[in-house]
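Here is what each chain is made of, one letter per residue.
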Amino acid sequence: PSGKAVVLTNLPVRRIVSTMQSANEWLLTLGAADRLVARTDFDRQPEYAHLPSIGGGLDPSPEAVAALRPDVVIGWQIRASVDLQEALKPFKIPVLSFETTDTADAFRQLARMGVLVGRQAQADSVARTLRGELATIHADACREFPTPETVFIVLWTEPPQTAGGGTWMSTLLDIACLRNAFEDERIPWPTIGMESITARQPRYILTSRGDSVGKRLAEFRAKPGWRDLDAIKAGRVIEIPGDLFARAGPTLPAAARAIVAERRRLAGR
C-alpha cells in the first residue's frame, strides 16, 4: 500500500489473514480455503464459519491479527492497509494490498492468489472458465436485449456516488448488454450531482437488494430528487444481492446473470 515492494520468501504460504472478501472467495475457488486462519463478518461461506472473525475488515486489531501467526496479510489498497502494515512491522508480518478497480485487477488478484498458495495451474483454469462464462452471458444477453439501455449504478445515495466507465461494475453492465449512464466519467468511484443524473435520465437504476423485494424502490420514492427520475417513477430498479453487488471475484458471472434476470423481470418476460 505504501508503494514499496513486498517480498515473500516462503512460498506457498500456509497461513493467511485477509480483510478482502474477494480474496477469500478466490481461496475457496482454488481449493485453498484451509489456508485462511480468520474471516471477516462478511465472509458467510459455510467453509469459513468455524474461523474466528476479525470484524468488518477495514480496521482489524493488529494484536489480534498477529496472534493468528499469519505468513501474510491481504488487504485493500487503502489507508487502512497502510496503517495495518505499519502496525504489523514489529511482528515482521508482511501485508499485501490489492487494487480492484477493473476486471483486469480482479483477474490479476486471482493470478497472485494462485502464486501465493501454489495453485497457479488452477488459477489459470479458473480464469479461462470465468472469461468463457462472461462471454456466453454477454452473447445471450445481447441476443435477448439487443439495445444496450442506460443504467445508473448507485453506490451511495446521499450524496449520490456511482461507478465510472473504467470500473469492473461498468464492465458488468457491458456484459449484461447494458450501458453505464456515466461511462464517460474517468474517476472510478465519483460523487455525482442529482442534476446530472436527472439530465441523463437513465433507463434503469442498479443497486443492492434490500431486506425484501421492492424495499429499495420504496426508499428511492421517498427521497427528494430520486423520486423525480423516470426510472423510479416507472419502478425500473435492478436489485441484486449485496454480496454480488460489492465483490469483484469469482462471483462476477453470477452478478451478471442476476442483472440480466432482473432486467428480464422488469421487462415482464
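If you're wondering where the values come from, they're calculated on a predicted model, not measured in any experiment.

> Just to check I follow, could you spell out helix H4 (residues 103-116) for this structure?
What sets the pattern is the α-helix's 3.6 residues per turn: residues three or four places apart point alike. In this model, H4 (14 residues) spans 20 Å end to end at C-alpha, consistent with the 20 Å of a helix rising 1.5 Å per residue. For H4, the set of buried residues is Thr 103, Asp 105, Ala 106, Phe 107, Gln 109, Leu 110, Met 113, Gly 114 and Leu 116. Check the buried side of H4 and you find it contacts helix H1 (21-29), strand E2 (72-76), strand E3 (95-98), helix H5 (120-144), helix H6 (168-175) and helix H11 (252-266). Where H4 starts, the residue carrying a side-chain oxygen 3.2 Å from the main-chain nitrogen of Ala 104 turns out to be Asp 102.

> Got a minute to help me understand the pattern of salt bridges in this structure?
Oppositely charged side chains may form a pair once their charged atoms are brought near each other. For the structure shown, the criterion picks out 15 salt bridges. Between Arg 257 and Glu 133 there is a salt bridge; the shortest N-O distance is 2.7 Å. Taken together, the residues Arg 257 in helix H11 and Glu 133 in helix H5 connect sequence positions 124 residues apart. Overall, the relative accessible area of 41% leaves Arg 257 in the partly exposed class. Across the pair Glu 158 and Lys 223 runs a salt bridge whose closest N-O atoms are separated by 3.0 Å.

> Sorry, what's going on with the environment of Arg 257 here?
Between the C-alpha atom of Arg 257 and that of Glu 133, which follows or precedes it by 124 residues, the distance is 10.0 Å. Discounting residues that sit within four places of it in the chain, Arg 257 has contacts with Glu 133 and Ile 137.

> Teacher, can you tell me more about the pairing of E2 here?
On any regular strand, side chains alternate: one points to one face of the sheet, the next to the other face. Burial analysis of E2 places 4 of its 5 residues in the buried class, which makes it a mostly covered element. In this sheet, E2 lies alongside strand E1 (residues 16-18) in parallel orientation, the contact comprising 3 bridges. Pairing of Ile 16 across the sheet is with Val 72, part of E2. Where E2 and E3 come together, 4 bridges link them in parallel fashion. Looking at the pairing, Ile 74 lines up with Leu 96 of E3.

> What am I meant to see in the sheet that holds E1 here?
Pairing between the strands of a sheet is mediated by backbone hydrogen bonds and can be parallel or antiparallel. Overall, parallel pairing links the 3 strands, which are arranged E1-E2-E3 in an open sheet. Looking at strand neighbours, the two that pair on one side only are E1 and E3, the edges of this open sheet. Neighbour to neighbour, the strand axes of the sheet diverge by 20° on average, direction disregarded. Across the sheet, H4 is in contact with E2 and E3; its angle to E3 comes to roughly 155°.

> Explanation requested: the sheet that holds strand E7 (residues 179-180) in the structure shown.
Pairing within the open sheet is parallel, and its 4 strands lie in the order E7-E4-E8-E9. Every other strand in the sheet has two partners, leaving E7 and strand E9 (237-240) as the edge strands with one partner each. As defined by bridge partners, strand E4 (residues 150-153) adjoins strand E8 (residues 204-208) across 3 bridges and the pair is classed as parallel. Residue pairing across strands places Phe 152 opposite Ile 205, the latter belonging to E8.

Basis of the calculations
Residues numbered from 1 in each chain as written. Predicted model: local features only at pLDDT ≥ 70, side-chain atom pairs only at ≥ 80, totals over all residues. Heavy atoms only, no water. Helix = DSSP H or I, 4+ residues; strand = E, 2+ residues; numbered from the N terminus. Expected span 1.5 Å × (residues − 1). Buried < 20%, exposed > 50% of the residue type's maximum accessible area, 1.4 Å probe, protein only. Contact = heavy atoms within 4.5 Å. Polar contact = N/O pair within 3.5 Å; in protein donor to acceptor, adjacent residues only side chain to side chain. Salt bridge = Lys/Arg side-chain N within 4 Å of Asp/Glu carboxyl O. Pairing = 2+ DSSP bridges. Axes fitted to C-alpha atoms, helices over the stretch in contact; angles between N-to-C directions.

Everything listed here is a matter of geometry and, on its own, says nothing about what the molecule does.
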